[in-house]
Amino acid sequence: MSRVCDLTGKRAMVGNNVSHAMNKTKRKFSVNLVKKRFYLAEEDRWITLRVAASTIKTINKNGLAAVLKNAKANGFIK
């Protein structure tokens, strides 16, 4: 399964490891994904999502309903 956030679409970035001698080798910056259950009050049910840690902070700030609405508008959920 690809490591992509369900609500924001965040995925791994590609960059370089840089040594003291400035030698560069490719590396991957992974997303900090967490499998988390959220209570959706509008539908009176629990949903399980794989979201980034930064997305959990956004949900705490804006609320789950607003983040789901934004994700649907951006095409990350159907």
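Residues numbered from 1 in each chain as written. Predicted model: local features only at pLDDT ≥ 70, side-chain atom pairs only at ≥ 80, totals over all residues. Heavy atoms only, no water.

- An unreviewed UniProt entry lists the protein under the name Large ribosomal subunit protein bL28, with Flavobacterium rivulicola given as the organism.
- The record in UniProt for the protein states the following under Sequence similarities (unreviewed entry): "Belongs to the bacterial ribosomal protein bL28 family." (UniProt positions renumbered as here; feature names shortened; annotations may be inferred.)

**A short note on helix α2 (residues 64-73)**
- Taken together, the buried positions of α2 are Leu64, Val67, Leu68 and Ala71. Taken down its axis, α2 places every buried residue within 100 degrees of arc, on the same side. Among the exposed residues of α2, those pointing more than 90 degrees away from its buried face are Lys69 and Ala73.
- Buried-residue contacts for α2 involve β3 (33-40), β4 (45-52) and α1 (53-62).
- The positive-phi residue at the C-terminal boundary of α2 is Gly75, with phi of around 85 degrees. (Buried < 20%, exposed > 50% of the residue type's maximum accessible area, 1.4 Å probe, protein only. Helix = DSSP H or I, 4+ residues; strand = E, 2+ residues; numbered from the N terminus. Arc of directions from axis to C-beta. Contact = heavy atoms within 4.5 Å.)

**Some details on the nonpolar core**
- Judged by nonpolar contacts, the single largest core of 16 residues is most densely connected at Leu7, Phe38, Val51 and Leu64.
- With residues up to four places along the chain from it excluded, the contact list for Val51 reads Cys5, Leu7, Asn32, Leu33, Val34, Phe38 and Ile56. (Core = buried A, V, L, I, M, F, W, Y, C linked by side-chain atoms within 4.5 Å.)

**Section: α1**
- Buried within α1 are the following residues: Thr55, Ile56 and Ile59. The buried residues of α1 occupy an angular sector of 105 degrees when the element is viewed end-on, so they sit on one face. Residues of α1 that are exposed and angled more than 90 degrees away from the buried face: Lys57, Asn60 and Lys61.
- Contact partners of the buried residues in α1: β3, β4 and α2.
- Looking at the residues trailing α1, positive phi occurs at Gly63, about 95 degrees.

**What to know about the side chain of Thr55**
- If you trace the backbone, Thr55 turns up in helix α1.
- Not counting residues within four places of it along the chain, the set of residues in contact with Thr55 comprises Cys5, Leu7 and Thr8.

**Considering unusual backbone geometry**
- Phi is positive for Met22, which is not a glycine, with a value near 65 degrees.
- By secondary structure assignment, the location of Met22 is in the loop between β1 (13-18) and β2 (24-29).
- Located in the positive-phi region is Asp44, a residue other than glycine, with phi close to 55 degrees.
- Mapping Asp44 onto the fold places it in the loop between β3 and β4.

**Re the pattern of salt bridges**
- Tallied over the full model, the rule gives one salt bridge.
- For Arg45, the salt bridge identified is with Glu43, shortest N-O distance 2.6 Å.
- Take Arg45: its relative accessible area is 41%, and that puts it in the partly exposed class. (Salt bridge = Lys/Arg side-chain N within 4 Å of Asp/Glu carboxyl O.)

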